[in-house]
Structures are given as structure tokens and as C-alpha cells.
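What follows is each chain in one-letter form.
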Amino acid sequence: MGIATSRKFKNKDGTQGEEVCFVDLTFFGRTAEVVNQYCHKGSKILAEGRLKLDTWIDKQSGQKRSKHGIVVESMQMLDSKERHA
């Protein structure tokens, strides 16, 4: 699963800027099964874990690449349950 975070700010010249960071979440075991079954785009979760930085050489360009990730150690679903009358 991946998430994107964004930060809006004003540049020195007064124009609006935006910075986006994409982070992959890696789940294992029963937590991965729960996420696969119950989470969908827009689901609210609280994930705790350790940061991980993957680096590799791109085969096409030969450039060094990197990607941030979180190895999730615990997760809590935050979406409220729908209540039917």
C-alpha cells in the first residue's frame, strides 16, 4: 500500500508551491491479510513501524534511485463503522 503526503507553502517570490512525498507501507502476516480484505483507497488507518530507505541503480538510465518506506509493525483501522437503523 502506498500513501502520499503533500505540503503547500509560499515561495520567496510569493507564488504557491507544493511538495509531495510518496511513501510505501509494507505489511506482513495477519496485518497484511486484514489490510488486503478491509482497506481500500481513502481508508483511514494508524500505522506504526520503522522507516526504511531502499536504494538501487535504475537499469535503463544507470542512475541511482531511492524510495522511502515504512515497515508496519502495528496498525489500527480508524474508519467509523456504518450504523444501520
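Residues numbered from 1 in each chain as written. Predicted model: local features only at pLDDT ≥ 70, side-chain atom pairs only at ≥ 80, totals over all residues. Heavy atoms only, no water.

Chemist: Residues and numbers for the pattern of salt bridges, please.
Modeler: Applying the stated criterion across every chain, the model contains six salt bridges. Glu19 is the salt-bridge partner of Arg7, the closest N and O atoms lying 3.3 Å from each other. In this pair, Arg7 is assigned in strand β1 (residues 2-10) and Glu19 in strand β2 (residues 16-26), connecting sequence segments 12 residues apart. With a closest N to O distance of 3.7 Å, Arg65 and Asp58 form a salt bridge. Using a relative accessible area of 35% as the deciding quantity, one classes Arg65 as partly exposed. (Salt bridge = Lys/Arg side-chain N within 4 Å of Asp/Glu carboxyl O. Helix = DSSP H or I, 4+ residues; strand = E, 2+ residues; numbered from the N terminus. Buried < 20%, exposed > 50% of the residue type's maximum accessible area, 1.4 Å probe, protein only.)

Chemist: Give a detailed account of the sheet that holds strand β4 (residues 64-77), specifying residues and quantitative values.
Modeler: Across a sheet, paired strands are connected by hydrogen bonds in the backbone, their directions being either parallel or antiparallel. Taken in spatial order, the four strands line up as β1-β2-β4-β3 in an open sheet, and their pairing is mixed. What marks the edges here is a single partner per strand, and that holds for β1 and β3 (45-57). Neighbour-to-neighbour, the strand axes of this sheet turn through a mean angle of 35°, independent of strand direction. Judged from the three bridges that link them, β2 and β4 form a sheet pairing that is parallel. Across the sheet, Thr26 pairs through a bridge with Val71, a residue of β4. (Pairing = 2+ DSSP bridges. Axes fitted to C-alpha atoms, helices over the stretch in contact; angles between N-to-C directions.)

Chemist: Any details on the confidence of the model for the protein chain? Residues and values, ideally.
Modeler: The predicted model of the protein chain has a mean per-residue pLDDT of 88, with 93% of residues at 70 or higher. The secondary-structure element of the protein chain with the lowest mean pLDDT is β1, recorded at 88, while β3 shows the highest, at 93. (pLDDT = per-residue confidence, 0-100.)

Chemist: How would you summarise the environment of Val23 if you had to cite specific residues and measurements?
Modeler: Structurally, the position occupied by Val23 is in strand β2. Looking at Val23, the relative accessible area reads 13%, which means it is buried. When the C-alpha atoms of Val23 and Gly69 are compared, they prove to be 5.1 Å apart, with 46 residues separating the residues in sequence. The residues contacting Val23, other than those within four sequence positions of it, are Met1, Gly2, Ile3, His68, Gly69 and Ile70. (Contact = heavy atoms within 4.5 Å.)

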